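Breakdown of the fold
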Amino acid sequence: MVGLAAIIILAGVIYLINQAIQPPNITVASKEIFDKGMIQIGVRTDLGRYSRRNEETDAMEGFEIDVCEEVLRRIFQNQIVIRYEEITSTTKLSKLNLAEIDVCIGAFVPNSSSRITLNYSDGFFVDSVALVTRKDQRLNVLKANKVLIGTLNNSYADDRIAAYLDTVNEAKPEGERQEYEIISYACYQDLFDAVESFDVDIAAADTLFINPYLTEELVVLPDRMLYHEYCFAFNSRDVELEKVFSKAIAAMKADGTIDKLEEKWGMDDLLTEPEEADAPQESDASAE
């Protein structure tokens, strides 16, 4: 009898200790992650200073990585291990839907999938679509009656550029309107190669993805369009997890942490030369 009582008391003590060390904002969804002591984050490794793998250390780094780790610190108070898993634009949806990863970043745009229902946090970085053409064709494409525009298949620009251009055309006098044809490509390299080889007149892409493919022959036109935010994405069942992430993001916006991280990584100008972009500016981006 005494032994049973001792076991009950011990179990109670263990429970109280566990509650004492548990971060105060752990919810039903995030408690599962806290209990297993690890969170699996889907990331892209090819986005330069936004999100990349350091070739020397093999560690993930970049603006989005710093945002992610600060959000997790605020939720879990450094009490879980972060495991980054590489995803691509074609694998991220299935990995989230099948719960092979807990959270996905990698320049995720809210409501980017019409096939799979997901949950999305508040946005933490605003990007836009820019147009790229050959330097020797810059004036020609602005005056042409018909313009061939290349996009990445199923990208933000691919889904929305046609409607945007229709709106632009409607605002022009009838004699100045242009005809547009949209051609989709499977990867960014193919898209920008098509501009260089005159297969399309213009490439429409998020500014985040342009810099690695710029060459001496290409130029980015000054106009920006189709502004959109990047966020964290979750399995459709993770409603509570989305709430705590959004709460952390809101706090980071309010206390200036997001601004400091943007300054650290030079996110105000995504189209600088690669050698300039690779060296983040010194800035204290920590939060109290």
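1. Observations concerning the overall build of the chain
- The number of helices and strands found in the chain is 11 helices and 11 strands.
- Residues classed as buried in the chain amount to 45% of the 288 residues present.
- Across the chain, the fraction of contacts at a sequence separation of at least 24, relative to all contacts at a separation of at least 6, is 75%.
- Looking at the chain as shown, the accessible area adds up to about 15300 Å², and 50% of this sits on carbon and sulfur atoms.

2. Some details on the pairing of strand E10 (residues 202-206)
- With 5 of 5 residues buried, E10 lies mostly within the body of the structure.
- In this structure, strand E7 (residues 125-134) lies alongside E10, joined through 5 bridges in antiparallel fashion. Across the sheet, residue Ala130 finds its bridge partner in E10, namely Ala205.
- Sheet analysis places strand E8 (residues 146-152) next to E10, joined by 2 bridges and oriented parallel. Residue pairing for E10: Gly150 is matched across the bridge by Ala203.

3. Looking at the pattern of salt bridges
- Inspection of every chain in the model, using the stated rule, returns 12 salt bridges.
- Residue Glu70 is joined to Arg73 by a salt bridge in which the shortest nitrogen-to-oxygen separation is 2.8 Å. Of this pair, Glu70 and Arg73 both sit in helix H3 (residues 63-76), separated by 3 residues, roughly a single helical turn.
- The salt bridge involving Glu181 is made with Lys146; its shortest N-O contact spans 3.1 Å. With a gap of 35 residues between them, Glu181 in strand E9 (residues 179-185) and Lys146 in strand E8 connect regions that are remote in the sequence.

4. Structural notes on unusual backbone geometry
- Of note, Gln77 is a non-glycine position whose phi angle comes to about 50°, a positive value.
- Mapping Gln77 onto the fold places it in the loop between H3 and strand E4 (81-86).
- The exposure class assigned to Gln77 is partly exposed, which follows from its relative accessible area of 38%.
- You will see that Ala99, though not glycine, has its phi angle at about 60°, which is positive.

5. Let's talk about the pairing of E9
- Bridging between E8 and E9 involves 7 bridges; their strand directions are parallel. Looking across to E9, one finds that Ile149 is bridged to Ile182.
- With helix H6 (residues 156-171) bridging E8 and the parallel E9, this β-α-β connection has right-handed handedness.

What counts, and at which threshold
- Residues numbered from 1 in each chain as written.
- Predicted model: local features only at pLDDT ≥ 70, side-chain atom pairs only at ≥ 80, totals over all residues.
- Heavy atoms only, no water.
- Helix = DSSP H or I, 4+ residues; strand = E, 2+ residues; numbered from the N terminus.
- Buried < 20%, exposed > 50% of the residue type's maximum accessible area, 1.4 Å probe, protein only.
- Contact = heavy atoms within 4.5 Å.
- Areas by Shrake-Rupley, 256 points an atom, 1.4 Å probe, with all protein chains shown as cover.
- Pairing = 2+ DSSP bridges.
- Salt bridge = Lys/Arg side-chain N within 4 Å of Asp/Glu carboxyl O.
- Right-handed = clockwise from strand over helix to strand, strands pointing away.

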